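Below, each chain spelled out in residue letters.
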Amino acid sequence: MDGDFRTDFVHKPSGLKQHPALVLNADYRPLSYYPLSLWPWQDAIKAVYMDRVDIVAEYDAWVHSPSTEIRIPSVVVLRDYVKPVKRVAFTRFNLFLRDEFSCQYCGSRGDLTFDHVVPRAAGGITSWQNVVAACSRCNLKKGSKSLRQANMHLAKPPRQPAAEELRNLGRKFPPNHLHESWMDFLYWDAELEA
């Protein structure tokens, strides 16, 4: 797999390529860590003019219209608090995030797919409690056998994660680009240097 394996799961709108704005909730925490809550600069400026956000930090770049010019925001904070989602959707991305983008059989991080612990052929269902991230090699090795038949073991038992747990796991996987103005808001609870 070429490049960073984590970026294959994140859709990047074209407006995020240059000068994305980090979006913070009204409590100054990012709306999400992984994928990081970013808006294209155009959306950030539109939200400023609609009085939905306040600018916290700016890039050293300007945009111009015939009547005005504005520095491009690098960090914006919502004026109204958005309550975090409590229920975690059962998606491929969230499953991989729960399993920290590693095979639950061998620990490898490449060529991930998912595997039913109790095979569907044996009545296993597609749920948080029965599906794990697995590399293609381990998935083929296990096939439609049980763990005991395949002589394989799980790194940890599959379970439904809490929303806060996934948010915290997402902090372990920063995106490839982090602007210096974002650091104070992404790792606000990190230990300070003495």
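The coordinates are above.
A brief structural summary.

Rules used in this analysis
- Residues numbered from 1 in each chain as written.
- Predicted model: local features only at pLDDT ≥ 70, side-chain atom pairs only at ≥ 80, totals over all residues.
- Heavy atoms only, no water.
- Salt bridge = Lys/Arg side-chain N within 4 Å of Asp/Glu carboxyl O.
- Helix = DSSP H or I, 4+ residues; strand = E, 2+ residues; numbered from the N terminus.
- Buried < 20%, exposed > 50% of the residue type's maximum accessible area, 1.4 Å probe, protein only.
- Pairing = 2+ DSSP bridges.
- Polar contact = N/O pair within 3.5 Å; in protein donor to acceptor, adjacent residues only side chain to side chain.
- Contact = heavy atoms within 4.5 Å.

### Digging into the pattern of salt bridges
Piece 1. Across all of its chains, the model carries nine salt bridges by this definition.
Piece 2. A salt bridge links D54 to R79, with the nearest nitrogen and oxygen atoms 2.6 Å apart. Placement of the pair is D54 in strand 3 (residues 53-64) and R79 in the loop between strand 4 (69-78) and helix 2 (92-98), with a sequence separation of 25 residues.
Piece 3. Ionic pairing is found between D99 and R98, a salt bridge with its closest N-O pair at 2.9 Å.
Piece 4. With relative accessibility at 3%, the residue D99 sits in the buried group.

### Some details on the sheet that holds strand 2 (residues 38-39)
Piece 1. Strand order in the open sheet formed by four strands is 2-1-4-3, with mixed pairing between adjacent strands. A strand with exactly one partner marks an edge of an open sheet, and here the two such strands are strand 2 and strand 3.
Piece 2. Examined bridge by bridge, strand 1 (residues 21-24) and strand 4 share three bridges and lie parallel to one another. If you follow V23 over to strand 4, its bridge partner there is V76.

### Notes on the pairing of strand 4
Piece 1. Within strand 4, eight of the ten residues are buried, leaving the element largely enclosed by the surrounding structure.
Piece 2. Remark: four residues form the turn of the hairpin made by strand 3 and strand 4, two consecutive strands paired antiparallel.

### Observations regarding the side chain of Q104
Piece 1. Here Q104 lies in the loop between helix 2 and strand 5 (112-116).
Piece 2. For Q104, a relative accessible area of 3% puts it in the buried group.
Piece 3. In this structure the side chain of Q104 is engaged in a polar contact, spanning 3.3 Å, whose partner is the backbone oxygen of D99.
Piece 4. In this structure Q104 touches D99, V132, A133, H153, L154, A155 and K156, once residues within four positions along its chain are discounted.

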